[in-house]
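# Architecture at a glance
Here is what each chain is made of, one letter per residue.
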Amino acid sequence: MTIDAPRPHAATTPSFAAVAEELLDDVYGYLLYLTKNWAVAEDLTGETFEAAFKKWRRFDPGRGTPRAWLLAIARSTALDWFRADARRRRREERVGSAERRDDTDTFGEGFSAELAESLQSLSAGEREVVALRIVLDLDGEETARLLGISVTAVSTRLSRALSKLEERMRDHDVVA
Amino acid sequence: MTSSPDLIHELRAARPSAPAELRTRIRALATEPERTVRAPWAGWRFPVRRGLLVAVPAAAALALASAGVLGLARSDSPQAVGRDAAEKSTLQMATPQRMPNAGVNGGANPSPLGAADATTADQARTLAPTADNRAQKVGATLTVEVKDSDAVSRAAQSALDLTRTLGGFVVSSSVATGDEGSASITVRVPVDKVQDAIAGLSGLGRIVSQNVTIEDRQESIDAFVRRSRSVRSQIALVTARLESETLNADTRALLEARLKNLKLDLLGARRSLGTLRAEARMSTIQLTVVTPEAFGAVAPPSRIDRTIDEALNVLAWEGVVALGMLIVLAPFALVAGAVWLGRRLYRRHEEERLLAA
């Protein structure tokens, strides 16, 4: 199945449909790692592509790759969701536990139980850097630019996250 | 990375794939006609950096162009610049040549004039004393410019001839010829002829500067006349007493001493009176004749010079306006910058807090 581009763009710029087709998994994977909830990740992926579709005219290939551009939109969308979620949690705390929503986190299919549980123990920031550097295989500079931190900070955060993850996985092995 | 390759391999193997339902939804979104999503102009945002890259050079070019155009337009009237230069040189020349007594006495009435183009006899008459019966000291300083050294000699000779014709005399005369010829002549002419003298001397060349001072001497003369009368009457009284035969020797000696002093006073008053009347009878005129080279006259600036001069003036004003705007806007820009920075730091902090969970 082919997807038509929403509008003609510069010759060097791929069509939005092609970009969406190619990068959908990356955006979804990134959001899944960040939110550790497949349902939320699906919703946020949809929102990300809607926003990207509206902003596609403004995309400048000279300033970055479509993947970096889409991931930046995805990150902004996810942060908005985190803010809203924090507000919701505070509201629920005020009202009481009776109205508390069932928000059990799950990575969904494809993850072993040990890996999923180990990933759950990481902070969102740590999961984010693992997703970008290991899963999506972005280089350090691109990741640093996306996160708005230095390359050294990216390396440090990744190292800490992997150590923690490895430790958790080892704990699981010992228990098993 | 120090983590085991197995972990990394497992992470990469578990790379998530978007569910089919989501993929279908995104495909459907991508195939939507653009017009249903937004208008062509919607979402357009002003590119600030690119805008500044264009706006700053454009503003500089506009400032330069407007300065150039205004400078070119204003350079059409060289008289304005020439007049300014003439006024400046007139002031420079007139100030040091004012008569030394000007303004010293209470009745002084100095009237320095820089009428460079006052060349007619009628204009000269307006500079002369106007009171008919009052004694006045009149002085004039004139600088005229002639074309060359030969003309300096001719003008000097004409000035001497005119002085004699008017019944005056030459106090001093100095004529230098050569490449930068000049003449300096001081003459005295009867006060009733000073108008004719100024008119005649003004006609010797182009007037560069002209300065006429009039000082009233009538009050001083009247005071000395009264003083003389008083002294004379005192002398008459003392003389009458001395002729009396009843005076003893001491009194006579005192009266004789007083008579001697009174006579000296009378003599001094008469001399002063004579000096004042002489000043009021004859006016002093200092004439300087110069050539353009000796005067150091500056050639009128060319059109290009005037254009550059005016353009620089316009640029200076533009700079003043820009600086003023900067001073006014700087506090607002600082506040806006601080707000922007604070907001950015807050958001960064908030992001870190959210992602730390």
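Predicted model only: the values in this text are computed from it and were never measured.

The next subject is the overall build of chain B. Helices and strands together make up the secondary structure of chain B, namely 11 helices and six strands. By sequence separation, contacts in chain B at least 24 residues apart represent 83% of the contacts at least 6 residues apart.

For the rest of this paragraph, the subject is the overall build of chain A. When helices and strands are counted, chain A shows seven helices and zero strands. Reading the secondary structure of chain A in the N-to-C direction produces α-α-α-α-α-α-α. Across the 176 residues in chain A, those meeting the buried criterion constitute 38%. Sequence-distant contacts, at least 24 apart, represent 66% of the contacts inside chain A between residues at least 6 apart.

Residues and elements named next belong to chain B. In terms of residue burial, strand β5 (residues 206-216) counts as a mostly covered element, since nine of its 11 residues are buried. Relative to β5, strand β2 (residues 136-145) runs antiparallel, the two being bridged by 10 bridges. Pairing of K137 across the sheet is with E215, part of β5.

It is worth spelling out helix α11 (residues 303-355) of chain B at this point. All names here are of chain B. Along α11, the sharpest kink reaches roughly 40°, centred on L329 and followed within four residues by the proline P331. In terms of residue burial, α11 counts as a barely covered element, since only five of its 53 residues are buried. Within α11 the residues assigned to the buried category are R306, T307, E310, A311 and L355.

Turning next to the environment of B:L262. All names here are of chain B. When you line up the elements, L262 lands in helix α9 (residues 249-281). Its 20 C-beta neighbours within 10 Å are what place L262 among the buried residues. When residues no more than four places from it in sequence are discounted, the contact partners of L262 are V231, Q234, I235 and V238.

Opposite the 34 residues of chain B that make contact, chain A presents 43 residues. Elements represented by at least two residues in the side of chain B that touches chain A include exactly α1 (5-13), α2 (20-30) and α11 of chain B. In terms of residue count, the dominant contributor to the side of chain B that touches chain A is α2(B) (seven residues). Looking at the side of chain B that touches chain A, its residues break down into 17 nonpolar, six polar and 11 charged.

Helix packing for two helices is described by the angle between their axes and how far apart those axes are. All names here are of chain A. It is the contact of helix α1 (residues 16-35) with helix α2 (residues 38-55), at a shortest axis distance of 9 Å, that shows an interaxial angle of 140°. Put simply, α1 runs oblique to α2. Once α1 is placed against α2, the crossing between them reads as right-handed. Across the interface between the two elements, F16, A20, V27, Y28, L31, L32 and T35 from α1 touch W38, V40, A41, L44, T45, T48, F49 and F53 from α2. A class-by-class count of the residues in the contact of α1 with α2 yields 12 nonpolar, three polar and no charged.

Thresholds, definitions, all that
Residues numbered from 1 in each chain as written. Chains lettered and ligands numbered in written order. Predicted model: local features only at pLDDT ≥ 70, side-chain atom pairs only at ≥ 80, totals over all residues. Helix = DSSP H or I, 4+ residues; strand = E, 2+ residues; numbered from the N terminus. Contact = placed C-beta atoms within 7 Å. Buried ≥ 20, exposed ≤ 12 C-beta atoms within 10 Å, placed from the backbone. Pairing = 2+ DSSP bridges. Bend = angle between axes of the 7 residues up to and from the residue. Nonpolar A, V, L, I, M, F, W, Y, C, P; charged D, E, K, R; others polar. Axes fitted to C-alpha atoms, helices over the stretch in contact; angles between N-to-C directions. Parallel < 35°, antiparallel > 145°, perpendicular 65-115°, else oblique. Left-handed = near helix turned anticlockwise from the far one by under 90°.

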